[in-house]
2 protein chains.
Amino acid sequence: MPTYKAPVKDSLFILNEVLHLGQYAALPGFAEIGADTLAAVLEEGGRFAEEVIQPLNRTGDEQGCKRHPDGRVQTPDGFRDAYAKFVEAGWGGLAGDPAFGGQGLPHVVATAFEEYMIAANMAFTMYPMLTQGAIAAIRAVASPEQQQLFIPPMVDGRWTGTMNLTEPHCGTDLGLLRTRAEPQADGSYRLTGTKIFISSGEHDLTENIIHLVLAKLPDSPDSVKGISLFIVPKVLVNPDGSLGARNAVACGSLEEKMGIHGNATCVMNYDGATGYLIGERDKGLRAMFIMMNAARLGVGIQGLAQSEVSYQNAANYARERLQGRALSGPKNAAGKADPIIVHPDVRRMLMNARAFNEGARSLALWGALMVDLAEKSATPEARAAAEDQIGLLTPVIKGYFTDKGYENATNAQQCFGGHGYIREWGMEQFVRDARIAMIYEGTNGIQALDLVGRKLPANGGRALRAYLQLVGACIEECAADEQREFIAAPLKRALDDLQGATGWLMRHALMKPDNAAAGSMAYLHLLGLVALGHQWALMIKAAQTALANKAADTAFYENKIAVGRYYFSHVICETPAHRARVEAGADAMMALAAEAF
Amino acid sequence: MPTYKAPVKDSLFILNEVLHLGQYAALPGFAEIGADTLAAVLEEGGRFAEEVIQPLNRTGDEQGCKRHPDGRVQTPDGFRDAYAKFVEAGWGGLAGDPAFGGQGLPHVVATAFEEYMIAANMAFTMYPMLTQGAIAAIRAVASPEQQQLFIPPMVDGRWTGTMNLTEPHCGTDLGLLRTRAEPQADGSYRLTGTKIFISSGEHDLTENIIHLVLAKLPDSPDSVKGISLFIVPKVLVNPDGSLGARNAVACGSLEEKMGIHGNATCVMNYDGATGYLIGERDKGLRAMFIMMNAARLGVGIQGLAQSEVSYQNAANYARERLQGRALSGPKNAAGKADPIIVHPDVRRMLMNARAFNEGARSLALWGALMVDLAEKSATPEARAAAEDQIGLLTPVIKGYFTDKGYENATNAQQCFGGHGYIREWGMEQFVRDARIAMIYEGTNGIQALDLVGRKLPANGGRALRAYLQLVGACIEECAADEQREFIAAPLKRALDDLQGATGWLMRHALMKPDNAAAGSMAYLHLLGLVALGHQWALMIKAAQTALANKAADTAFYENKIAVGRYYFSHVICETPAHRARVEAGADAMMALAAEAF
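Keep in mind the model is a prediction, meaning the values are calculated, not measured.

Here's the deal with the overall build of chain A
Moving on, step 1. Regarding its fold elements, chain A presents 18 helices and eleven strands.
Moving on, step 2. Relative to its length of 597 residues, chain A is compact, with a C-alpha radius of gyration of 24 Å against a globular reference of 25 Å.
Moving on, step 3. Taking the principal axes of its C-alpha atoms as reference, chain A extends roughly 80 × 60 × 60 Å.
Moving on, step 4. Counting every position in chain A, which comprises 597 residues, the buried fraction comes to 66%.
Moving on, step 5. If you take every contact in chain A between residues at least 6 apart in sequence, the share linking residues at least 24 apart comes to 74%.
Moving on, step 6. For chain A, the exposed surface amounts to about 20,500 Å²; the carbon and sulfur share of it is 54%.
Moving on, step 7. Distance between charge centres in chain A, computed from 55 positive and 65 negative side chains, equals 4 Å.

With respect to the packing of aromatic side chains
Moving on, step 1. In this structure the tally under the stated criterion is 43 aromatic pairs over all chains.
Moving on, step 2. Between the aromatic rings of A:Y567 and A:F568, the centroid separation amounts to 5.5 Å while the plane-to-plane angle is 90 degrees, which identifies the pairing as edge-to-face. Considered together, A:Y567 and A:F568 belong to a single accessibility category, that of buried residues.
Moving on, step 3. Above the face of the B:F597 ring, A:R354 is positioned so that its terminal group lies 5.9 Å from the ring centre.
Moving on, step 4. Lying over the aromatic face of A:F289, A:R454 brings its terminal NZ or CZ to 5.5 Å of the ring centre.

Let's talk about the pairing of strand 6 (residues 208-216) of chain B
All names here are of chain B.
Moving on, step 1. By the criterion of burial, strand 6 is predominantly enclosed, with nine of the nine residues buried.
Moving on, step 2. Residues N208, I210, L212, L214 and K216 of strand 6 are buried on one face, and the alternating residues I209, H211, V213 and A215, pointing to the opposite face, are buried as well.
Moving on, step 3. Both strand 3 (residues 159-164) and strand 6 contribute to a ladder of six bridges, which runs parallel. Each bridged residue has a counterpart across the sheet, and for N164 the counterpart in strand 6 is V213.
Moving on, step 4. One ladder, built from seven bridges, connects strand 6 with strand 7 (residues 227-233); its direction is antiparallel. Across the sheet, the residue bridging to A215 is S228, located in strand 7.

Re the interface of chain A and chain B
Moving on, step 1. Counting residues at the interface gives 88 residues for chain A, matched by 88 residues for chain B.
Moving on, step 2. Approximately 7,700 Å² of surface area, both sides summed, lies buried where chain A meets chain B, with 62% of it carried by carbon and sulfur atoms.
Moving on, step 3. For the interface between chain A and chain B, the tally reads four salt bridges.
Moving on, step 4. Its salt-bridge partner being B:E574, residue A:R581 comes within 2.7 Å of it at the nearest N-O pair.
Moving on, step 5. Inspection of the chain A/chain B interface yields 47 residue pairs in polar contact (both at pLDDT 80 or more).
Moving on, step 6. Class assignment of the residues belonging to the side of chain A that touches chain B gives a composition of 45 nonpolar, 22 polar and 21 charged.

Comments concerning the relation of the copies chain A and chain B
Moving on, step 1. Placing chain A over chain B gives an RMSD of 0.0 Å and needs a rotation angle of 180 degrees, together with 0.0 Å of translation along the axis. Both copies are brought into coincidence by an operation consistent with a two-fold rotation axis. Looking at the rotation axis and the C-alpha trace of chain A, the residue lying nearest is A:A577, at 3.4 Å.
Moving on, step 2. Of the residues that chain A buries at the interface, 100% are likewise interface residues in chain B, meaning the two copies contact each other through the same surface.

Focus on the environment of A:V571
Moving on, step 1. Structurally, A:V571 is set in helix 17 (residues 554-571).
Moving on, step 2. With near-sequence residues (within four places) excluded, A:V571 lies in contact with A:N352, A:A355, A:L529, A:Y566 and B:R581.

Examining the packing of helix 9 (residues 344-376) of chain B against helix 16 (residues 520-548) of chain B
All names here are of chain B.
Moving on, step 1. Where helix 9 meets helix 16, the axes come as close as 9 Å, and the angle between the chain directions of the two elements is 90 degrees. The orientation of helix 9 with respect to helix 16, classified from their angle, is roughly perpendicular. Only A531, L532, Q535, W536 and M539 of helix 16 make contact with helix 9, whose side of the interface consists of R354, A355, F356, E358, G359, A360, S362, L363 and W366.
Moving on, step 2. Taken together, the residues that form the contact of helix 9 with helix 16 break down as nine nonpolar, three polar and two charged.

Some points on the environment of A:Y440
Moving on, step 1. Take A:Y440: it is sitting in the loop between helix 11 (427-437) and helix 12 (444-455).
Moving on, step 2. For A:Y440, a relative accessible area of 15% puts it in the buried group.

Section: the confidence of the model for chain A
Moving on, step 1. Confidence in the prediction of chain A, expressed as mean pLDDT, is 96, and 100% of residues score 70 or more.
Moving on, step 2. Confidence estimates for the predicted assembly give a pTM of 0.97 and an ipTM of 0.97.

Section: helix 16 of chain B
Moving on, step 1. When the terminal C-alpha atoms of helix 16 of chain B are compared, their 42 Å separation across 29 residues agrees well with the 42 Å that a helix rising 1.5 Å per residue should span.
Moving on, step 2. Positive phi shows up at B:K550, right after helix 16 of chain B, with a value of about 55 degrees.

Structural notes on the pairing of strand 5 (residues 189-199) of chain A
Residue and element names in this part refer to chain A.
Moving on, step 1. Taking burial as the measure, the eleven residues of strand 5 include eight buried ones, the bulk of the element.
Moving on, step 2. Relative to strand 5, strand 4 (residues 180-183) is paired through four bridges, and the arrangement is antiparallel. Paired with P183 across the two strands is Y189, which belongs to strand 5.
Moving on, step 3. In sequence, strand 4 turns back onto strand 5 through a hairpin of five residues, with G187 there showing a positive phi of about 90 degrees.
Moving on, step 4. Pairing between strand 5 and strand 11 (residues 265-278): nine bridges, direction antiparallel. Bridged to R190 within strand 11 is T274.

Some thoughts on the side chain of A:T402
All names here are of chain A.
Moving on, step 1. Of note, T402 is situated in helix 10 (residues 380-415).
Moving on, step 2. For T402, a relative accessible area of 1% puts it in the buried group.
Moving on, step 3. Separated by 2.7 Å, the side chain of T402 and the backbone oxygen of K398 make a polar contact.
Moving on, step 4. Those residues in contact with T402 that lie beyond four places of it in its chain are V299, G300, G303, I397, A437, M438 and N444.

As for the pattern of salt bridges
Moving on, step 1. Following the criterion strictly, the structure yields 86 salt bridges over all chains and no others.
Moving on, step 2. Of the charged contacts in the structure, one is a salt bridge between A:R432 and A:D61, with a shortest N-O distance of 2.8 Å. Separated by 371 residues along the polypeptide, A:R432 in helix 11 and A:D61 in helix 3 (residues 57-63) bring together distant segments of the chain. Pair check on accessibility: A:R432 and A:D61 agree, each one buried.
Moving on, step 3. Between B:R579 and B:D497 there is a salt bridge, with its nearest N and O atoms 3.2 Å apart. Note that B:R579 is positioned in helix 18 (residues 575-584) and B:D497 in helix 14 (residues 485-508), a separation of 82 residues in sequence.
Moving on, step 4. Note on B:R579: relative accessible area 26%, which makes it partly exposed.
Moving on, step 5. Residues joined in a network through salt bridges with shared partners are A:D10, A:E115, A:E308, A:R354, A:E358, A:R361 and A:K560.

Comments concerning unusual backbone geometry
Moving on, step 1. Positive phi is not limited to glycine here, since A:F197 has a value of about 60 degrees.
Moving on, step 2. As for its placement among the helices and strands, A:F197 is situated in strand 5.
Moving on, step 3. Positive phi outside glycine occurs at B:H20, with the angle close to 50 degrees.
Moving on, step 4. Under the relative-accessibility criterion, B:H20 is labelled partly exposed at 39%.

Thresholds applied
One numbering rule holds for all chains: residues counted from 1, following each sequence as written. Just so you know, chain letters begin at A and ligand numbers begin at 1, following the order they were written in. Selection of residues for local features in this predicted model requires a pLDDT of at least 70, selection of side-chain atom pairs for listing and counting requires 80 or more, and totals for whole chains, interfaces and linings are taken over all residues. As a rule here, side-chain values cover all heavy atoms of the structure and leave hydrogens and water aside. The helix and strand labels rest on DSSP assignments: H or I over at least four residues marks a helix, E over at least two residues marks a strand, and numbering proceeds from the N terminus. The globule rule used for comparison is 2.2 Å times the number of residues to the exponent 0.38, while the radius of gyration itself is calculated over C-alpha atoms. Three exposure classes are used, based on accessible area relative to the maximum for each residue type with a 1.4 Å probe and protein chains only: buried under 20%, partly exposed in between, and exposed over 50%. When checking whether two residues touch, look at their non-hydrogen atoms; a contact exists if any pair is within 4.5 Å. What sets the accessible areas is the Shrake-Rupley method with a 1.4 Å probe; for residues, cover comes only from the shown protein chains. His residues and chain termini do not enter the charge count, which takes Lys and Arg as positive and Asp and Glu as negative. Where a charge sits is defined by one atom per residue type, namely NZ (Lys), CZ (Arg), CG (Asp) or CD (Glu). Stacked, edge-to-face and tilted labels apply to pairs of Phe, Tyr and Trp rings (six-membered ring for Trp) whose centres lie within 6.5 Å, assigned for plane angles under 30 degrees, over 60, and everything in between, in that order. Comment: the charge-over-ring label is applied if NZ (Lys) or CZ (Arg) is within 6 Å of the ring centre and within 35 degrees of the ring normal. When DSSP finds at least two bridges between two strands, those strands are taken to pair. We define buried area as the total accessible area lost by two parts upon association, computed with a 1.4 Å probe and summed across both. Each reported salt bridge corresponds to a side-chain nitrogen of Lys or Arg within 4 Å of a carboxyl oxygen of Asp or Glu. Throughout this description, a polar contact denotes any pair of N or O atoms lying within 3.5 Å of each other; where both atoms belong to protein, one of them has to be capable of donating a hydrogen while the other can accept it, and for residues adjacent in sequence the pair is counted only when both atoms sit in side chains. Side-chain classes follow a simple rule in which Ala, Val, Leu, Ile, Met, Phe, Trp, Tyr, Cys and Pro form the nonpolar group, Asp, Glu, Lys and Arg form the charged group, and the remainder, Gly included, forms the polar group. Least-squares superposition aligns the copies on the C-alpha atoms of those residues with pLDDT at or above 70 in both. Comment: axis = line fitted to C-alpha atoms, over the contacting stretch for helices; angle = value between 0 and 180 degrees taken between N-to-C directions. The labels follow the angle: roughly parallel below 35 degrees, roughly antiparallel above 145, roughly perpendicular from 65 to 115, and oblique for the rest. The score called pLDDT rates the predictor's confidence residue by residue, from a low of 0 to a high of 100. For a helix, the expected span equals 1.5 Å multiplied by the residue count minus one.

Have a look at this one:
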């Protein structure tokens, strides 16, 4: 059975020694979380994930969710109890606004904890995770009264939230959606339509579920410009916050999926359900994108988390499984064979995962800090700069992290040989669970299009320019420092590839947008490699500083530098291939007629 | 529900116009199969795969196999009937030796058919497929009497065969195996032990199953030098070929797996089962490797086949699913959206699969022809040269094809968006089924080690030298031909990377074998990219020749060239990254202590 140990030490290293959270003490929420409290919160959170949530991961996969004939959905054994403990301990409100009963801690701290929860049990964590996105959308556009009515029970976890976008004929292209909202005399609406792929759409964990639903008004344009956003509670809520009648929304069926069996993926039927418009009519997509951007970062963390937990189990197995002898001579001479961790190709898979995990954790927390800074920085310039950075990197965190998460989970399974293919070992579940993250909240292809089509050109390319400067300055600093000189050349080579690919897009995609789309995935991976390289440069610097200051745990810092060296010797060398793909353009890719496929 | 159309036209193009099968008419088996017969056989075979086998693929996955308390194993509905039809039509004996009742067709023809069967239903096809390897091993080392007794019913499909290597504590490292064989007075042996992961170990398709089992004699060395190979029939066989008593071998349980549910993966218990030594005692591994090499090529075809069938379904979906608009302007202006095949990133996934599928099909058939030539060529030199080539490329076909097969199946699933994650669409099954091929018959890591540790240095590097010359000559030919000049530069760049990486290994791996192992997987992929590039050069030449000769189906040949251009513009550009990884060596990869993982 797989195990999990929350990487609290690594999170703390990043938060304290790479991101220097202490320097933001002037901002709301940061002062409350000195280094000691931070460590206590994450250690407690790690324990909760390890002890309460992780033991339900295999049973959740095996049992799945069950829909009863009356539409009720039963979650796997243990989920109800664990969720109650989650609420009781207040984990859902960690970064919630104190005005709504939250603890007001920085988003970056909640993100570190979120990784542990997902690694421990991805399907379980989707129930509370989606609630955060729903809260963000309600906060952004709903009226103060609506916020006061719906947000507090969601912050404290008594209610969960969902996003209802997809319909059978329409996923990415929301302009096609057919769900209708009829205005009523009392200012409410009646919603009718079918939504599919609704994660956590129905379950038995809470007394209420707040659905955020996209629908069209009768007289709205039949396109993306005619979509409005509604709150549709599963159980109607009286003005005093008490629960009223059951609303006309129900789970019609559960999807049988490849993975995340513990999460209920529902077909939701709205049969004249009462809903409340939030935000402006016909402007629903804006609010949905607020929700989606938060969700996309969360999905990126899913990639990291599945990579981390599968890596941990592969490493444990590789240390224990005796098979063959090291090419460099027996390492376990007393036994009949050496542990397979002596084999370079096993190391390759472990080191690839590890170099990704630590780099991605640093980038994810850096990104989460940007979310905090975009909201809380003192000046509009500082807020805009942080907004630029997280906007640029969101598709990378979602797309690159989930591609690599799946790849690393697959490699971790590979370390187990034939046992990796057998269900009871649990490794194949990580692969199946990780797979969805490349698909939902916008497929990774959509992320890549968002990156090259929207994020790059926005504001005249301001965000990328600032990011290239940031990485360029880091390279110069490395080049000038004997200890970190080894970083400069490979990171510069990667940055040159990124700049070259960017220049090519600027020259060739304006007149021919297919050129941008054709290279978009390669570009996303190229930027991902540079971004992780940048984080590795920062982490290596922090580790060298700690060693210079005679920090106690020298092994931790030395290992950190060793993994970083591997990143620069074995991982980042992919950038020329990605650049070549970008610069190869769309012609050969689009040469065949559609009928020729 | 997924569909499948056997790519008969493409197989015939390769066999007739690229490999020019007609030129081998002097060799046994080739004369019988002129172009017309070849087409008839493959068309009939394709139809069989499409109509009889493919419809059982989803139900096989959903139902799986069932073990009854008495040890009997029931295959999914329809498998028995389909297998009976397979036997009746004589498909199993296509390339079988006429001396044992086979049809004596070239192996290369049977391989083309095998791809169709696997694409139609991988789990089903494993039942007859493993039989071929068992026949090969028996032919190679068993006595004439044993051959006459066991081979004919296996050729005609009345009996199937298995390979029994793995034990719970020992997979790759066979020296650790514990199954014992006690000599009996009558010359037979009694085998006792437990074997795991035995594909097709028990089933209800045939009246008998011939297990080939590795075991140790009591006085043999307790290492790989003490392993012997035994025939252990499920039902004992009388000297006249009739069936006798049930042998003391039984299926103890079935494994619950990630995929290939329709194939019974058995724990096999040998409780003093009667077995017959084949070949020399203590030399069992040699015969097992004969079997394994045949099986490895078959597993490589599994990678190709899963890539092909998943590609076909993704292409169909992409042509039909309406979502969004082409960046270059609406392509379906009358509808509310364009089919998603207009989007470059969807094309990217389809073209990557297609460029692989066609290149890999050509390489697989080229390799299968080498198997024929190694056996049937007129001179020892010609046989040795063919043996060299297929020996060198076997790990590439197994390792590279199955890595890409999984990747392409994953991408095909991605083309379906959220629907790809839902079981009923069948796309996630291709991913789960394809996954095993990277693991069994020697993990891909083992293939890579076989390549750099055994195949490269064998005979002073003779095989690789000959292969590099072959590709080098092809590049020169392309460079001298205006029409194919576009191939020369990218293929030369890739060949240079291969030669550079080879040179680095020669200089750095002799004193430090970890350097070879550390770069082995990158080297395998590098050679795979070059080998597919070589096949693409041959195919493009053949297509250009056909067009010059005013062949009827110009679209087929023009598309062939267009896909080839994509291979050289977008695919082969990965080689520098692989070379860089090889040349980065083992140091950074092995830097951490085992406890640091």
